[in-house]
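# Structural features, examined
Residues per chain are reported as follows:
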Amino acid sequence: MAIVAGVDFGTLSVRVTIVDTERGRLGSGIAEYPLHRKKDDPDHATQSHDDHMRALAEATRKATAAARISGEQVAALAIDTTGSSVIPVDANLQPLDEYYLWCDHRSWREAALITETARREKLPAIDWCGGTYSSEWGFSKLLHWLRHNPDKRQRFATAFEHCDMVAAVLCGITNPADVPRSICAMGHKWMWNASLGGLPDEKFLASVDPLLKGIRCKLDGRYATSDQLAGQLAPEWAAKLGLRSGIPIPVGAFDAHWDAVGAGARTGDVVNVVGTSTCIIAMSNDARLIPGVCGVVPGSVHPKKTGVEAGLSATGDIFEAIARRADTSVAALSLELASYRAGQTGLLRLTWDNGDRTVLVNPELGGITLGWHLTHSVQDELFAAIEGTAFHTRVILERMEQYGVPIRRVINGGGIPQKNEVLNRVYANVLNKPVLIPKSDVTSLGSAIFAALAAGAFRSLEEAQDTLCPEYRVVEPDPKAVQTYEELYALYRELYFAFGGSNAPAFSAGRILPTLRRVAAAARGNA
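Structure report, in brief. (Residues numbered from 1 in each chain as written. Predicted model: local features only at pLDDT ≥ 70, side-chain atom pairs only at ≥ 80, totals over all residues. Heavy atoms only, no water.)

## Let's talk about the layout of surface pockets
A volume near 450 Å³ is recorded for the second largest pocket. Together, 19 residues line the second largest pocket, and L360, V361, N362, G500 and S502 are the ones closest to its centre. Within the residue set of the lining of the second largest pocket, elements represented by two or more residues are α2 (108-120) and α17 (479-500). Here the lining of the second largest pocket takes 6 residues from α2, the largest share from any one element. (1 Å grid on protein atoms, 1.4 Å probe; cavity = no way out; pocket = protein on both sides within 12 Å on 5 of 7 lines; lining within 4 Å. Points joined across faces, edges and corners; volume = space filled by probe spheres on them. Helix = DSSP H or I, 4+ residues; strand = E, 2+ residues; numbered from the N terminus.)

## Focus: the packing of helix α10 (residues 255-262) against helix α15 (residues 445-454)
Here α10 crosses α15 at 80°, and the two axes come no closer than 6 Å. Classified by the interaxial angle, the pair formed by α10 and α15 is roughly perpendicular. Counted together, W258, V261 and G262 of α10 and L445, G446, S447, I449 and F450 of α15 form the full contact between these two elements. Among the residues making up the contact of α10 with α15, the classes are represented as 5 nonpolar, 3 polar and no charged. (Axes fitted to C-alpha atoms, helices over the stretch in contact; angles between N-to-C directions. Parallel < 35°, antiparallel > 145°, perpendicular 65-115°, else oblique. Contact = heavy atoms within 4.5 Å. Nonpolar A, V, L, I, M, F, W, Y, C, P; charged D, E, K, R; others polar.)

## Observations concerning the sheet that holds strand β15 (residues 269-274)
Strand order in the open sheet formed by 7 strands is β17-β18-β16-β15-β21-β22-β23, with mixed pairing between adjacent strands. At either end of the open sheet lies a strand with only one pairing partner, and these are β17 (296-298) and β23 (472-475). The mean inter-strand angle of the sheet, taken between neighbouring strand axes irrespective of direction, is 25°. Bridging between β15 and strand β16 (residues 278-284) involves 5 bridges; their strand directions are antiparallel. (Pairing = 2+ DSSP bridges.)

## Things to note about the side chain of D269
Among the structural elements, D269 can be located in strand β15. Note on D269: relative accessible area 0%, which makes it buried. A distance of 3.4 Å separates a polar atom in the side chain of D269 from a polar atom in the side chain of R408. In this structure D269 touches G264, I281, A282, M283, P406, R408, R409 and I411, once residues within four positions along its chain are discounted. (Buried < 20%, exposed > 50% of the residue type's maximum accessible area, 1.4 Å probe, protein only. Polar contact = N/O pair within 3.5 Å; in protein donor to acceptor, adjacent residues only side chain to side chain.)

## Focus: empty space enclosed by the protein
Under the counting rule described, the total for this entry stands at 2 cavities of 30 Å³ or more. In this model, the largest cavity occupies a volume close to 50 Å³. H105, S134, S135, E136, S313, N354, G355, D356, R357, V361, N362 and P363 are the residues that line the largest cavity. A per-class count over the lining of the largest cavity returns 2 nonpolar, 7 polar and 3 charged. Lining the second largest cavity are V86, I87, P88, Y100, K141, L142, W145 and A159. Among the elements of the structure, β7 (86-89) and α4 (138-148) are those that each provide at least two residues to the lining of the second largest cavity. Class assignment for the residues of the lining of the second largest cavity results in 7 nonpolar, no polar and 1 charged.

## Comments concerning the pairing of strand β18 (residues 306-312)
Extensive coverage of β18 is indicated by the burial of 7 of its 7 residues. The alternating pattern of β18 places T306, V308, A310 and L312 and G307, E309 and G311 on opposite faces, both of which are buried. The sheet contact formed by β16 and β18 spans 7 bridges and is antiparallel. Looking at the pairing, A282 lines up with V308 of β18. Judged from the 3 bridges that link them, β17 and β18 form a sheet pairing that is antiparallel. Pairing of V296 across the sheet is with V308, part of β18.

## Remarks on the nonpolar core
By size, the foremost hydrophobic cluster in this structure holds 61 residues, and its most contacted members are F319 and M400. The dominant element in this core, judged by the number of residues it contributes, is helix α13 (residues 378-402), at 10 residues. If sequence neighbours within four positions are ignored, M400 has contacts with V270, I280, A282, I290, V308 and V405. Core analysis: the next-biggest nonpolar cluster, separate from the first, contains 44 residues, L77, L170, L241 and L243 among them. (Core = buried A, V, L, I, M, F, W, Y, C linked by side-chain atoms within 4.5 Å.)

## Here's the deal with the packing of helix α14 (residues 421-431) against α17
Relative placement of two packed helices is described by the angle separating their axes and the distance separating the axes. It is at 7 Å that the axes of α14 and α17 come closest, and there the two elements cross at 65°. Relative to α17, the element α14 lies roughly perpendicular. Crossing angle aside, the handedness with which α14 passes α17 is right-handed. Taking contact as the criterion, the partners of V426, N429 and V430 in α14 are, on α17, A481, V482 and Y485. When grouped by side-chain class, the residues that make up the contact of α14 with α17 number 5 nonpolar, 1 polar and no charged. (Left-handed = near helix turned anticlockwise from the far one by under 90°.)

## Comments concerning α2
Between its first and last C-alpha, α2 extends 18 Å over 13 residues, near the 18 Å set by a 1.5 Å rise per residue. In the stretch just after α2, K122 is the one whose phi turns positive, near 55°. (Expected span 1.5 Å × (residues − 1).)

This is the structure we're talking about:
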């Protein structure tokens, strides 16, 4: 038996959960931090390292108090974070700037340049991250920072993903060269690939931009899966967190990957981690290329299996924006959607409000809604947005299955499925598959599982999941709704590739609006 702490850094807050490996969850603590955006630049999204660490100390003390334990009883600590959230540091591991958060898309030009150069030079690594490099990922953000901060370049030593930076600080590491780097983070977002010799070579990086010359060696170090330790909790941070110094801290990972672990995912499962964005996580026993996904990385989820990541750049963010414009809340709007039927709004929504993460990997796209008329309500808009995210998810799952990823079960993880039953129902009907929802929130449970492994409480990841992961409830698809969504999905899929691809073939759009009107009339019983 052991008591451990699992830490999950989300977009707006950090959650620390205290777990007893025999009794389960004992208590949690949450602390918030600001997200810095600019009205004149919708692509800008940054956060402060100091804010993160202040919130971590606050949440940890809240968690131990809620669990009614002494911090001295905690035997291990593990950390997951958003990604790619990138911070440049100096030679003493001091931040030179704020984090470029995962949703910061200022580097879309740099991402396009990396993609263009990689394709021209036939860089094998680009194929392993779906064929297109994203503005959400590490090299593009780092290049953007180097281009726009010439006064800080002399002090630049390296850059870190959030999960690696936090672990290093907690372990008291001050030399950047000594910081272990997460294979989950570096594999999915920095084109690191063990079979290809690690990071892209120096020649390629310099050919993208001379500012990247020498960067490869600055990103060097020990790359590790999360069954290995980053170090032990340093006395300074033990005092701030109220924990015992010297407890083990494993190498961290991204929140979605560990949320999938906390949701009980095994090979053959796909987990939709639905939050502000959606990360779609699956595992397979072998590594194979999948165009348009966010990486195929051995060891990124389960240390001994190949992780596959895909997703939507905005999900909950879209729902919140709709509610905010109407001066209400998503929860209030969702209560009024319980009676909505498939396709009844007559709207078809392409949910590219924050660009396309997968399959097109294009940050320049924007949201599109077809079928508006004068009597549509904000509830109609929200329901269409939920349907749109489900349709996009189906596009992604079909791409994964097409390239050999087995999908035996669909699990809806993340925070939104715990509180929005309309979304679960729509997803089951659009995907035409039963959707499993964990009976309790799994946020930070994955990190607690890796902490438990670091503490030696379990012999394997699977044993830890069997003991700690919650049971599921199941939402079955409704045959009538499935039939409606099959027709709408055919339209959505055609529009998705037609509007989203610059070289897409011409298509006949004249039937789209009449079809939406006919489907809506039938759903309302007016056909």
